[in-house]
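Letter by letter, the chains look like this.
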Amino acid sequence: MSNRVAVVGGGISRFDNPRYELHEEMCAEAVREMLADNSNIDYPKDIDAVIYSYFSDHLAGQLCFHWIIHDYLGLLPKPAYRVESGGATPIDALINAFMYIKSGIFKNVLVVGWEKMSELDTPKVNEFIAAASDTDFDFPVGGYYTGYYAVLETRHMYLYGETEEDLAKIAVKNHNNATFNPYAQWRSQHGTTFITVDDVFKSRLISWPYRALNCAMISDGAACMLLASEETAKKFTDSPVWITGVGLGTDTMRPGDRVDNPMYRGLYSEDESIYPGVSTKTASPYPEMANFGSIRVSGDMAYKMAGIDNPVKQLDFAELFNPYDGVELAEYEDLRFCKRGEGKILVREGVTDWGGELPCQLSGAHTAAGHPVGATSIAQAMQIYWQLTEQTANKWKTKARALSGAQRALLQGHGGTGCQSGVIIFERG
Amino acid sequence: MAYKPKKIVESLEYNKQWDEWARQGNWSPVGWRWIEGPKGYRLDKLSTTNYLVIQRPHASLYHHSYGMTSKFFKGLLEKKLYGSKCPKCGSIYLPPRAHCWNAECRLEETEWVELPPRGEVHTFSVMAFSATPFLKTLPFIIAYVRVEGCCTTVPTRLLKVNPWDVYPGLKVNINFVEHPKGDIMDIYCTPAETPDPSKRIMSSETIERLKDDMRKVKEWVVRKFGSEAKPSIEI
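These numbers come from a predicted model, not from an experiment.

S.K.: Go over the pattern of salt bridges, please, and point to the residues and values.
M.R.: Pairing between side chains of opposite charge can happen when the charged atoms of each approach one another. In this structure the tally under the stated criterion is 40 salt bridges over all chains. For B:E228, the salt bridge goes to B:K136, with nearest N and O atoms at 2.6 Å. A residue pair is termed long-range when its members are at least 10 positions apart, and B:E228 in the segment after α3 (204-225) and B:K136 in the loop between β6 (118-127) and β7 (140-147) qualify at 92 residues. Judged by relative accessible area, which is 33%, B:K136 ranks as partly exposed. When salt bridges with common partners are traced through the structure, they connect A:D134, A:R254, A:D257 and B:R97 into a single cluster.

S.K.: I'd like a rundown of the interface of chain B and chain A, residues and numbers included.
M.R.: Between chain B and chain A, the contact holds 63 residues from the first and 61 residues from the second. Run the count over chain B and chain A and you get four salt bridges. A salt bridge links A:D257 to B:R97; the shortest N-O distance between them is 2.8 Å. Run the count over chain B and chain A and you get 31 residue pairs in polar contact (both at pLDDT 80 or more). At the level of elements, β1 (31-39), β2 (47-55), α2 (70-77), β6, β7, β8 (154-158) and α3 of chain B are the ones that each hand at least two residues to the side of chain B that touches chain A. The element contributing the most residues to the side of chain B that touches chain A is β6(B), with eight residues. Classifying every residue of the side of chain B that touches chain A gives 39 nonpolar, 14 polar and ten charged. In this sheet, β6(B) lies alongside strand β5 (residues 205-208) of chain A in antiparallel orientation, the contact comprising two bridges. Considered in β6(B), the bridge of A:S207 is made with B:M127.

S.K.: Give me the pairing of strand β4 (residues 108-116) of chain A: which residues, what numbers.
M.R.: Residues and elements named next belong to chain A. Counted residue by residue, β4 has nine buried out of nine residues, so it is predominantly covered. Of the two faces of β4, the one lined by N108, L110, V112, W114 and K116 and the one lined by V109, V111, G113 and E115 are each fully buried. Taken together, the five bridges between strand β2 (residues 49-53) and β4 define a ladder with parallel strand orientation. By the bridge assignment for β4, S53 is matched with G113. Sheet topology places β4 next to strand β7 (residues 220-229); nine bridges connect them, and they run antiparallel. Residue pairing across strands places V109 opposite L227, the latter belonging to β7.

S.K.: So what about the environment of A:Y286? Which residues, and what values?
M.R.: Residues and elements named next belong to chain A. Checked against the element boundaries, Y286 lands in the loop between α11 (269-273) and α12 (293-306). Of the residues examined, Y286 reaches a relative accessible area of 0% and is grouped as buried. As a C-alpha pair, Y286 and H371 span 85 residues in sequence and 28 Å in three-dimensional space. Apart from the residues within four sequence positions on either side, Y286 is in contact with Y264, Y268, D271, E272, N291, F292, G293, R296, D334 and R340.

S.K.: Now, about the layout of surface pockets: what can you tell me, with residues and values included?
M.R.: All names here are of chain A. Computed from the structure, the second largest pocket encloses a volume of approximately 1000 Å³. Forming the walls of the second largest pocket are 47 residues, and the residues nearest its centre are I129, A216, M217, I218 and Y324. If you list the elements that add at least two residues to the lining of the second largest pocket, you get α2 (57-60), α5 (122-130), α6 (144-160), α8 (185-190) and β10 (408-415). Across the lining of the second largest pocket, the residue classes break down as 24 nonpolar, 19 polar and four charged. Domain assignment of the residues forming the lining of the second largest pocket places at least three in each of domain 1 (5-120 + 219-236) and domain 2 (242-428).

Cut-offs applied
- Residue indices follow the written sequence of each chain, beginning from 1 at its first position.
- Following the order in which they are written, the chains are lettered starting with A and the ligands numbered starting with 1.
- For a predicted model such as this one, the threshold for reporting local features is a pLDDT of at least 70, and the threshold for listing and counting side-chain atom pairs is 80 or more; totals across whole chains, interfaces and linings nevertheless cover every residue.
- Here the side-chain values reflect all heavy atoms present in the structure, with hydrogen atoms and water set aside.
- Should a side-chain nitrogen of Lys or Arg be within 4 Å of a carboxyl oxygen of Asp or Glu, the pair is scored as a salt bridge.
- Only DSSP runs of H or I covering at least 4 residues are called helices, and only runs of E covering at least 2 are called strands; the numbering of each starts at the N terminus.
- Relative accessibility thresholds used throughout: buried, under 20% of the residue-type maximum; exposed, over 50%; partly exposed, between the two (1.4 Å probe, protein chains only).
- Only heavy atoms enter the contact rule, under which two residues are in contact if any of them lie within 4.5 Å.
- For this analysis, a polar contact is any N or O atom pair within 3.5 Å, provided that within protein one partner can donate a hydrogen and the other can accept it, and provided that sequence-adjacent residues contribute only side-chain to side-chain pairs.
- Amino acids are sorted into nonpolar (Ala, Val, Leu, Ile, Met, Phe, Trp, Tyr, Cys and Pro), charged (Asp, Glu, Lys and Arg) and polar (every other residue, Gly among them).
- Paired strands, in this sense, are two strands between which DSSP finds at least two bridges.
- Both site types are read off a 1 Å grid over the protein atoms alone. A 1.4 Å probe that fits but cannot get out defines a cavity, while an open set with protein on both sides within 12 Å along at least five of seven lines defines a pocket; lining residues have an atom within 4 Å of a point.
- Grid points are joined across faces, edges and corners, and a volume is the space filled by probe spheres set on the points.
- Domain segmentation is taken from an automatic or database assignment of domains.

Distances and angles like these do not, on their own, reveal function.
If you want it as structure tokens, here you go:
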């Protein structure tokens, strides 16, 4: 029998800027929440191995930070290592843990992720994040990540005609969701009042078409999740959440290399055919510089493993990687929530809003819950876990964004400008 | 390697004061604050406590080799634009690749070709904020430009055009700065044709908003950097 992998617990230490606690203290808080919620975990005896997730040595001025965290959490001499892949770091850490348990090497694997980005001023943080672009080509021109993603969104707008208002609607949805989330940076800094499209337009332009409220926050925070084998899961909980599919995919480091990319040519002929007759048609019309091929590849792999052929019908909600609002719109297409070019229709019809057929980002995600890189997808995974086990109302002290009876959810994460992507499908037992 | 090459063929030697500047800071505190701040893992469970916050600077100087793509960057110093071409499949790369990435070419080594200083905008953004090194030149336009004959696009600054007059397909010239330094910023683009207003991708409402944004960004840059401010967009 194949060894199924369960989620049996976890915790979050809230996202904010700044958090004055040390990195290891925030991680300890997340682990304490997990232990407080699940007295069946015999800590540290039940932890067989740990995967650590953090993005940047530069932001902290500290290499091998996980050695500090690991001993701080009292987990010596257990096996542990760090995963790093930009924004994909936390989802890769989760997938690493999944594969470890699948392999039978370890039964229970703890994933701990964090980031502290507040020690430098915002332009310096932008500089250090941009060090994850090609520093011989993209970085010296001054685009930095908001710029790289903005040129991709400009291209998608040019081809498929979504407007700045569509992007603003995504921002409104996510910020308003975050006002209910007690772990969210937006709620900490701006309170619980809702925003409107007009508020988005009034926020500072960052790189057209993105304004401040369309962009990921710079955050501190931590999260952890405990994954267990089918054999050991029942010791921890009567209501595990199963990981039924995982997927991984990659695309070019430099976004500008995607126009004629031979590796994608013909892979998705239907999406290539939905391409307007423009003067700048490329030799590789999908994804080129408009969509995210790595997300398509990772999504398809996860769907196949989980037996999903109609994501909108078969998924109850999703937490996507949304550093900028156009990314969320393109992801709807790349993850097959709709056809290529129809992401704007999902936005306009409210399909991904609270109450829609496939709510996305109930946590608020990157632009509103916050984006401490190494923790982000783990915290989103925890919000999925709480939704699928119907703990959200209790955790959030409100039913405003708590689903009832949700069976299946998708988590997607990626790094760079979609240079690598991961998808995980979670299902309640 | 960077310190003791076999032979220096030609050079622009750096000001050796950079060795000292790169040791500035040295991770040693230059100041501190004893502050009151929040403590707690959730917003509904916060208390107040004290934290010591220190200021700790450091700097570094990288001796970076451009490897097998060095001829491209040496070309920039000489105001020549080179791309790399695969002798097997004929693909021309800018940014250059020393090895072809077409699977059937099995990482064949490429050859250098001189490229025409012309291309077209594939996509672009109007930058109103950026990373530390680029703040003084805000606002500016970055454009990913496909140089004639190339199978990739290269990021460049696009100058001497209003942001709303930029669209995918706009023909541009590649220009060299007066004093090249040996990085990709040695080239910039300017329109090679009068922009066609019927090809604009911004609505009139967007353009009005953008004009207001540009004004605000310029004010911010001038306020922050005074006479050192060099906004790249003239309106």
